[in-house]
Amino acid sequence: MDFSIKAFDTKNTITSAKTGCIAVAVFENKKLSQAAKALDQGGDITAALKSGDITGKAGSTLLLRGMSGTGAARVLLVGLGNDETVSEKSFTSAVNATLKAFASLGAADAIIALPMTDVKERDVSWAVRTIVCAAHESVFRTDGQKSKKDPAAAGVRKITLALDATGEVKTALAQAIAIANGMDLTKELGNLSANICTPTYLADTARKLAKDYKFDVEVLDRKQLQALKMGSFLSVTNGSEEAPKFIVLKHMGGKAKDAPVVLVGKGITFDTGGISIKAGPGMDEMKYDMCGAASVLGTFRAIGEMGLKLNVIGVIAACENMPSGRATKPGDIVTSMNGLTIEVLNTDAEGRLVLCDALTYCERFNPAAVIDIATLTGACVVALGHHNTGLFTRSDEAHEKLAGELLAAGKAASDTAWRLPIEEVYNEQLKSNFADLANIGTPGGASVTAACFLENFTRKYTWAHLDIAGTAWKSGGAKGATGRPVPLLSTFLINRV
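Residues numbered from 1 in each chain as written. Predicted model: local features only at pLDDT ≥ 70, side-chain atom pairs only at ≥ 80, totals over all residues. Heavy atoms only, no water.

- By the naming in an unreviewed UniProt entry, the chain is Probable cytosol aminopeptidase, taken from Massilia mucilaginosa.
- Under the UniProt heading Subcellular location (unreviewed entry), the note attached to the chain is "Cytoplasm". (UniProt positions renumbered as here; feature names shortened; annotations may be inferred.)

What follows is the structure, encoded as structure tokens:
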């Protein structure tokens, strides 16, 4: 999908634009947007509204052909609800309906002339990002591993946004394209089958990103992890034939003295549960247990395309969790990189076992902040459903600031998070008679106790945990990775520049 910006004024009017289609807005009270008024020279749009062919309800559409007084082959009327208070929901519905209509047209190019500056409590940058990300989603394909590809979709492939090409708008478009491309990479990795998307595949993807965007990259193998005494991470790998990979990507776009932001991704490329094996139904979706890692790689693609002037490090702990004669058993005690011993009560609580060593490793970077991203707990889905990512931090001043930044970035990016507690009382649930910690807590608050487990390994820096178990992928007929939280992370980093 190609995007461009073009201003339409008295010298270069919307009516004279030569294009396959122009999308303009109409409202429920029979009013027309400015672009619709300009195109309504013969009264066709007004007549369509009066006749009830389109109501103006947000997301409704009507395609008109052969209109007089315009150079466009088609005009798409798009309902935008109430003209006085265009809401975020109404605008998003209108954008999605526009792109759905574009997909079935016999036109290669189109202009979107919706009122992008009139959305309540949103700016033009948000509107541009909404359009670009929705356009990418509308053409995203999941048939990469099919022997016979689905028929190539027709429809619009070049979109012009009817806006003044200010510096703000140009920057917004460049950032939106980078974020959408990062989401695409995250979705592609998530959707790949686990026999293809192995830890080695993730490492190769990181190497390719490093080559394309001049990142530094290092991939540590088992012997190096043993030398680092990452006994917790390695305990998860025991049952698998696939070699573990510990991936470190560095984008040093800021000043040399600036402390980096570190993104840590859980990369369990398939999670059977290990000896504590999962039930069969839905186990295929455990290929998505590496979506934390995929979101780090997707975010790195975005910041690489943007050339973000910030120091960012990505750390990915990648392996499989498989049952075998060598697999870690419930009741085994392992020693983490920072020396704490862990009683493994449930081998299906493996994400925290790989992340705790990755979080200890991050100390060497003297980071400004560390954010780990993980499909960590089903309990987070119970608490928040599939709408919000779970956000966990401590409660001191530095962590309150970090939490505020992440929540604001999620709201700005329409990739929202909701904060859940971390309190010392929850650590009581992680006590073990035989080790420093148990890897699961006593019943109740399982997403919180999982975050509290990780908190024990992050006390030397400012840290936040994002539990994306409910937001990283969809099930059922719409099964597939969502690309979240790449928009949240990218916006958070952009705001830190």
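Having seen the model, we can carry on.
1. Thoughts on the UniProt feature "active site" (unreviewed entry) in the chain
Then, number 1: The UniProt record marks Lys278 and Arg352 with the feature "active site" (unreviewed entry), using the residue numbering of this structure.
Then, number 2: Here Lys278 is to be found in the loop between strand E9 (261-271) and helix H9 (291-306).
Then, number 3: Note on placement: Arg352 falls in helix H10 (residues 351-361). (Helix = DSSP H or I, 4+ residues; strand = E, 2+ residues; numbered from the N terminus.)

2. Here's the deal with the nonpolar core
Then, number 1: Counting 96 residues, the largest nonpolar core has Phe91 and Phe102 as its most contacted members.
Then, number 2: Filtering out sequence-adjacent residues up to four positions away, Phe102 remains in contact with Cys21, Ala23, Leu76, Ala110, Ile111, Ile112, Gly155, Val156 and Ile159.
Then, number 3: Counting residues in hydrophobic clusters, the runner-up holds 47 residues, among them Leu234, Leu454, Phe457 and Tyr461. (Core = buried A, V, L, I, M, F, W, Y, C linked by side-chain atoms within 4.5 Å. Buried < 20%, exposed > 50% of the residue type's maximum accessible area, 1.4 Å probe, protein only. Contact = heavy atoms within 4.5 Å.)

3. Here we look at the pattern of salt bridges
Then, number 1: Applying the stated criterion to the full structure yields 25 salt bridges.
Then, number 2: The salt bridge partner of Asp289 is Lys266, with a shortest N-O separation of 2.9 Å. You can see Asp289 sitting in the loop between E9 and H9 and its partner Lys266 sitting in strand E9, a full 23 residues away along the chain.
Then, number 3: Overall, Asp289 belongs to the buried group, its relative accessible area being 4%.
Then, number 4: Residue classification places Lys266 among the buried positions, given a relative accessible area of 2%.
Then, number 5: Salt bridges sharing common partners tie together Glu137, Asp184 and Lys187. (Salt bridge = Lys/Arg side-chain N within 4 Å of Asp/Glu carboxyl O.)

4. Digging into the UniProt feature "domain: Cytosol aminopeptidase" (unreviewed entry) in the chain
Then, number 1: Summarizing the sequence annotation, UniProt attributes the feature "domain: Cytosol aminopeptidase" (unreviewed entry) to residues 346-353 in the numbering used throughout.
Then, number 2: Spanning residues 346-353, this segment combines 38% helix with 0% strand, and its end C-alpha atoms are found 11 Å apart.

5. A closer look at the sheet that holds strand E16 (residues 437-438)
Sheet strands associate in pairs through backbone hydrogen bonding, adopting either a parallel or an antiparallel arrangement.
Then, number 1: Overall, mixed pairing links the three strands, which are arranged E11-E12-E16 in an open sheet. Unpaired on one side and paired on the other, strand E11 (333-335) and E16 mark the two borders of the sheet.
Then, number 2: Examined bridge by bridge, E11 and strand E12 (residues 341-343) share three bridges and lie antiparallel to one another. Opposite Ile333, over in E12, you have Glu343 as the bridge partner. (Pairing = 2+ DSSP bridges.)

6. Quick word on the side chain of Ser432
Then, number 1: Its location among the elements puts Ser432 in the loop between helix H13 (424-427) and E16.
Then, number 2: The exposure class assigned to Ser432 is buried, which follows from its relative accessible area of 18%.
Then, number 3: Separated by 2.5 Å, the side chains of Ser432 and Glu343 make a polar contact.
Then, number 4: Within the structure, Ser432 has its side chain in polar contact with the backbone nitrogen of Ala435 (distance 3.1 Å).
Then, number 5: Aside from chain neighbours lying at most four places away, what touches Ser432 is Glu343, Leu437 and Ala438. (Polar contact = N/O pair within 3.5 Å; in protein donor to acceptor, adjacent residues only side chain to side chain.)

7. Some words on the sheet that holds strand E3 (residues 61-65)
Then, number 1: Read across the sheet, six strands follow the order E1-E6-E5-E2-E4-E3 without closing on themselves; strand pairing throughout is mixed. What marks the edges here is a single partner per strand, and that holds for strand E1 (2-6) and E3. Across the sheet, the mean angle from the axis of one strand to that of its neighbour is 25°, orientation sign disregarded.
Then, number 2: In the sheet, strand E2 (residues 22-26) pairs with strand E5 (residues 109-112) via two bridges, with the strands oriented parallel. Directly across from Ile22, in E5, lies its bridge partner Ile111. (Axes fitted to C-alpha atoms, helices over the stretch in contact; angles between N-to-C directions.)

8. Brief notes about the environment of Leu189
Then, number 1: Among the structural elements, Leu189 can be located in helix H5 (residues 167-191).
Then, number 2: For the pair Leu189 and Lys287, spaced 98 residues apart in sequence, the C-alpha to C-alpha distance is 9.6 Å.
Then, number 3: Ignoring anything within four residues of it in the chain, the contact list for Leu189 reads Cys197, Tyr201, Leu202, Thr205, Met290, Ala294 and Leu297.

9. Thoughts on the packing of aromatic side chains
Then, number 1: Taken as a whole, this structure holds eight aromatic pairs when the rule is applied.
Then, number 2: Centre to centre, the rings of Phe233 and Phe246 are 6.3 Å apart; their planes meet at 50°, and the pair counts as tilted. With Phe233 in helix H8 (residues 231-237) and Phe246 in strand E8 (residues 245-252), the pair connects residues that are 13 residues apart, well separated along the chain.
Then, number 3: Given a relative accessible area of 0%, Phe233 falls into the buried group.
Then, number 4: Since its relative accessible area comes to 0%, Phe246 is described here as buried.
Then, number 5: Aromatic side chains Phe453 and Phe457 sit 5.4 Å apart centroid to centroid with 45° between the ring planes, which places their arrangement in the tilted category.
Then, number 6: The exposure class of Phe453 is buried, given its relative accessible area of 0%.
Then, number 7: According to the relative accessible area criterion, Phe457 is buried, its value standing at 1%.
Then, number 8: Every member of this aromatic cluster is reached through a ring pair, and the members are Phe233, Phe246, Tyr361 and Phe365.
Then, number 9: For Lys187, the ring lying beneath its charged end belongs to Phe140, and the centroid distance is 4.3 Å.
Then, number 10: Residue placement shows Arg364 over the ring face of Tyr361; its charged tip is 4.0 Å from the ring centre. (Phe/Tyr/Trp six-rings, centres within 6.5 Å; stacked < 30°, edge-to-face > 60°. Lys NZ or Arg CZ within 6 Å of the ring centre and 35° of its normal.)

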